[in-house]
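Structural description and commentary
The lines below spell out each chain.
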Amino acid sequence: MISTQMIVLAKQPYKEAALLLSGLSPDYGRLNLVANGAQKLSEKKFPAADLFRELEVEFNEEGGSDLFTAKQLELAAAFDALADNPKHFQLAGRIGSFLLKNAVPAVPQPLTYDALRCILDQLSRPADAPERWTMEQCAVVIRATYLYENGMLPEVQSERESDFLENLVAAGVECSALPECRPDYWKTLNRWLGDLCDYHHLQK
């Protein structure tokens, strides 16, 4: 029996009474699980199977398929407040789509997972929360972390820029304060990371 965490990034009906859950795991990268009987159970008995929720999951790693059957799901954290802000919910959806298209099954993504969890927490916070990240900063953090973890960030000539990128990734992983820079630099950095994604033929 395999135990890991998973953040649900997509769900859809599967056969008669099951759900197909797709998301990101720190230990298994992109993870696809079938939750049998999920649609027959009440919300109270099955609160875990929903978008942008972090689950503790157990499944059997059997066969050569990338689709596994969940044996147990427990809710670890919910970021349901995302639904209160349509723009934040849409950004979370775009981030989830990017990760599901590009993360590889069975390839661990612990840094990207932690950054994703931090970003969902940031986007769930009320508008007046202190030090809440902007949508642009959230997009920069997830792109930079994914590229860094998968060896796609180029070496920069400036030590200052190198330190900034490393501190940026660390902030996403640790959910700590972002490194300081000019406000307009976030837009420039987001465009540069977008160009890097295109260079590596990553799907958006």
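Refer to the structure above for everything that follows.
The paragraphs below set out a description of the structure included in this document. (Residues numbered from 1 in each chain as written. Predicted model: local features only at pLDDT ≥ 70, side-chain atom pairs only at ≥ 80, totals over all residues. Heavy atoms only, no water.)

Next up on the list: the sheet that holds strand E1 (residues 2–14). In spatial order, the strands read E1-E2-E3-E5-E4; together these 5 strands close into a barrel with mixed pairing. Here the strands of the sheet are splayed against their neighbours by 50° on average, with no regard to which way each runs. With 7 bridges joining them, strand E4 (residues 53–59) and strand E5 (residues 67–78) adopt antiparallel strand pairing. Counterpart to Leu 55 in the pairing with E5 is Leu 75. Where helix H1 (residues 86–102) meets the sheet, it contacts E1, strand E2 (18–25) and strand E3 (29–35), and its direction lies at approximately 110° from that of E1. Against the sheet, helix H2 (residues 110–124) makes contact with E1, E2, E4 and E5, and its axis sits at roughly 60° relative to E1, the strand it touches most. (Pairing = 2+ DSSP bridges. Helix = DSSP H or I, 4+ residues; strand = E, 2+ residues; numbered from the N terminus. Axes fitted to C-alpha atoms, helices over the stretch in contact; angles between N-to-C directions. Contact = heavy atoms within 4.5 Å.)

Next up on the list: the nonpolar core. Counting 43 residues, the largest nonpolar core has Leu 99, Leu 116 and Leu 168 as its most contacted members. Elements represented by at least two residues in this core include exactly E1, H1, H2, helix H3 (135–149), helix H4 (159–174) and helix H5 (185–199). Residues in contact with Leu 168, not counting those within four places in the same chain, are Val 140, Val 141, Ala 144, Leu 178, Pro 179, Trp 186 and Leu 189. Listed in part, the 16 residues of the second largest apolar core include Leu 21, Tyr 28, Ala 49 and Val 57. (Core = buried A, V, L, I, M, F, W, Y, C linked by side-chain atoms within 4.5 Å. Buried < 20%, exposed > 50% of the residue type's maximum accessible area, 1.4 Å probe, protein only.)

So, on to the environment of Ala 35. Checked against the element boundaries, Ala 35 lands in strand E3. Each C-alpha atom of the pair Ala 35 and Leu 196 lies 36 Å from the other, and the pair is 161 residues apart in sequence.

Any aromatic ring pair is given by two values, namely how distant the centres are and how the planes are angled relative to each other. All chains considered together, the criterion is met by 6 aromatic pairs. The interplanar angle of 85° and the centroid separation of 5.4 Å between the aromatic rings of Phe 52 and Phe 89 together place this pair among those described as edge-to-face. You can see Phe 52 sitting in the loop between E3 and E4 and its partner Phe 89 sitting in helix H1, a full 37 residues away along the chain. Under the relative-accessibility criterion, Phe 52 is labelled buried at 3%. Among the aromatic side chains, those forming a connected cluster through ring pairs are Tyr 28, Phe 59 and Phe 68. (Phe/Tyr/Trp six-rings, centres within 6.5 Å; stacked < 30°, edge-to-face > 60°.)

What follows concerns the state of the cysteines. For the coordinates displayed, the defined rule picks out 1 disulfide. Here Cys 118 pairs with Cys 175 through a disulfide, and the sulfurs are 2.2 Å apart. Between Cys 118 and Cys 175, the disulfide has an S-S torsion of 80° and is therefore right-handed. Here Cys 118, found in helix H2, pairs with Cys 175, found in the loop between H4 and H5; they are 57 residues apart in sequence, far enough to count as distant. Given a relative accessible area of 4%, Cys 118 falls into the buried group. Cys 138 forms no disulfide, and the closest cysteine sulfur to it belongs to Cys 118, at a distance of 7.8 Å. Between Cys 197, a free cysteine, and Cys 138, which holds the nearest cysteine sulfur, the sulfur-to-sulfur gap is 16 Å. We classify Cys 197 as buried; its relative accessible area is 1%. (Disulfide = S-S within 2.5 Å.)

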